[in-house]
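Examination of the molecular architecture
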Amino acid sequence: MARMGDTLQKLEATIRGRRGADPASSYVAKLFAKGRPKIAQKLGEEAVETVIAALSGDRDEVIGEAADLVFHLTVLLAELDIPLADVLAELERREGVSGLVEKASRPKD
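Notes on the structure in this doc start here. Source: prediction; values computed, not measured. (Residues numbered from 1 in each chain as written. Predicted model: local features only at pLDDT ≥ 70, side-chain atom pairs only at ≥ 80, totals over all residues. Heavy atoms only, no water.)

Turning our eyes to something else, we now look at the nonpolar core. Formed by I15, V28, L31, F32, I39, L43, V75, L76 and A78, the largest nonpolar core amounts to nine residues. Residues in contact with V75, not counting those within four places in the same chain, are I15, L31, F32 and I39. (Core = buried A, V, L, I, M, F, W, Y, C linked by side-chain atoms within 4.5 Å. Buried < 20%, exposed > 50% of the residue type's maximum accessible area, 1.4 Å probe, protein only. Contact = heavy atoms within 4.5 Å.)

This is the structure in structure tokens:
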């Protein structure tokens, strides 16, 4: 079994590498060609599908939808030029901090 970090790094590299590819030959390139709104829409759709799968209680369906969700999140992050390492660093920063404390420390809009 691959290490989680290795898998995410490979996924990110593949997505970034396909950014300039021919949209006719690459789903990722097609998403990039359609732009940020379409990428964000796809991420939202996958999030909803993940929730529906979770409520159905079907473990395999949740795993599949969660993979789609992570994939489309990685595409959106690449579109925004945000490395996965930055997201992982933020998760590490939050490690050991109560979720309630962390949320209370965020700036109020």
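Here E12 shows up in helix 1 (residues 4-17). In contact with E12, other than residues within four places in its own chain, are T74, I82, P83 and L84. (Helix = DSSP H or I, 4+ residues; strand = E, 2+ residues; numbered from the N terminus.)

Attention now moves to the environment of A78. Within the element layout of this structure, A78 appears in helix 4 (residues 59-79). Here the alpha-carbon distance between A78 and I39, two residues 39 residues apart in the chain, equals 10 Å. Dropping the residues within four chain positions of it, A78 is found in contact with I15, R16, R19 and F32.

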